[in-house]
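As a plain string of letters, each chain reads:
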Amino acid sequence: MARVARNGADVVVTKSVGLEPRKGYPGPNITVSHSGLLNAVGLANPGIDSFLQELRILQRHNIPFVISVFGRTEKEISQVARIAVEAEPSALELNLSCPHAEISQIAHSPKLTGDFVSAVKDTVSIPVFAKLTPNASDIVAVGLAAEEAGADAIVAINTVQGMKIDIKQKAPVLANKVGGLSGPAIFPVAVRCIYDLYHVVSIPIIGVGGVSTWEDAVEMHLAGASAIQIGTATLRGLDVFADIREGVEEYLVREGFSKTSEIVGLAGGN
Ligand SMILES: Cc1cc2nc3c(=O)[nH]c(=O)nc-3n(C[C@H](O)[C@H](O)[C@H](O)COP(=O)(O)O)c2cc1C
């Protein structure tokens, strides 16, 4: 995480952490498919107490970070949140939407999403982001519920549920069978979700999903993203942050803008 920050990211978002240590799923838990990465890591994490020790490294380097937290119930996610704030993160991101774990259904439901966001908002006083799923039938209704429950920002999108089958074995490649697709394959899905959300919610949207070039970043800002997260593209190398930053800055100058916020949502209304 410290290396990511040193390579040009303004903020680092942690992997999701829960109350107890969790092994995740057995392998194979990651494979490639159609310009994307399919993973079913299964929310492997050391539990919030051990995780706080690791975060001390970021604190020592003065790197701003957001902790991604999850829980199976409102009570559990609030407990994780209460402990997580001890590390003094800039915000908490609620993973309500991992498509290959038991929490996958939360962000399918506006009601559950609102309940989870409210529970955490009642527990902590730092900003709380709700991370949504493109697998929901109506991501806009879920986004509105998150906003009404007090979310300070929406993060869109988590991975797209998918599967790969080994044609020789005649069986799914991933041990968990179902995984979450990320990378360039899901970029247009993310842009559509952000565009739709932008026109109904008033809180900022943090765009994520398949961004790997500065052109992608510009497109996502134009759709309505105020900030952008990059995951899968980091596998190509951590230069991606500086490359994208430079490309966006040059685009802004060429197009006569002075800051990124001037292009957010410029792609037009519904
Ligand atoms: C290996 C892997 C692990 C991930 N783990 C998490 C996680 O713990 N919590 C979460 O909210 N999203 C997780 N994601 C989803 C990413 O944060 C992101 O939403 C998604 O990959 C789309 O962005 P990208 O195409 O830039 O990777 C994971 C993605 C990958 C590929």
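Residues numbered from 1 in each chain as written. Predicted model: local features only at pLDDT ≥ 70, side-chain atom pairs only at ≥ 80, totals over all residues. Heavy atoms only, no water.

Draft legend 1. Just the pattern of salt bridges, in detail. Applying the stated criterion to the full structure yields six salt bridges. A salt bridge links Glu-262 to Lys-259, with the nearest nitrogen and oxygen atoms 3.8 Å apart. For Lys-259, a relative accessible area of 47% gives the class partly exposed. (Salt bridge = Lys/Arg side-chain N within 4 Å of Asp/Glu carboxyl O. Buried < 20%, exposed > 50% of the residue type's maximum accessible area, 1.4 Å probe, protein only.)

Draft legend 2. A look at the packing of helix H4 (residues 110-121) against helix H5 (residues 139-148). Where H4 meets H5, the axes come as close as 8 Å, and the angle between the chain directions of the two elements is 25°. In terms of their interaxial angle, H4 and H5 are classed as roughly parallel. Both H4 and H5 take part in a crossing whose hand is right-handed. Across the interface between the two elements, Pro-110, Thr-113, Gly-114 and Val-117 of H4 pack against Ala-141, Val-142, Ala-145 and Ala-146 of H5. Broken down by class, the residue content of the contact of H4 with H5 amounts to six nonpolar, two polar and no charged. (Axes fitted to C-alpha atoms, helices over the stretch in contact; angles between N-to-C directions. Helix = DSSP H or I, 4+ residues; strand = E, 2+ residues; numbered from the N terminus. Parallel < 35°, antiparallel > 145°, perpendicular 65-115°, else oblique. Left-handed = near helix turned anticlockwise from the far one by under 90°. Contact = heavy atoms within 4.5 Å. Nonpolar A, V, L, I, M, F, W, Y, C, P; charged D, E, K, R; others polar.)

Draft legend 3. Quick peek at the sheet that holds strand S11 (residues 179-182). Strand order in this open sheet of four strands is S2-S3-S11-S8, and the pairing throughout is antiparallel. At either end of the open sheet lies a strand with only one pairing partner, and these are strand S2 (30-33) and strand S8 (160-162). Averaged over all adjacent pairs, the angle separating strand axes in this sheet is 35°, with direction ignored. Sheet topology note: the S2/strand S3 (residues 36-39) ladder contains four bridges and is antiparallel. When the bridges of S3 are listed, Val-32 appears paired with Leu-37. (Pairing = 2+ DSSP bridges.)

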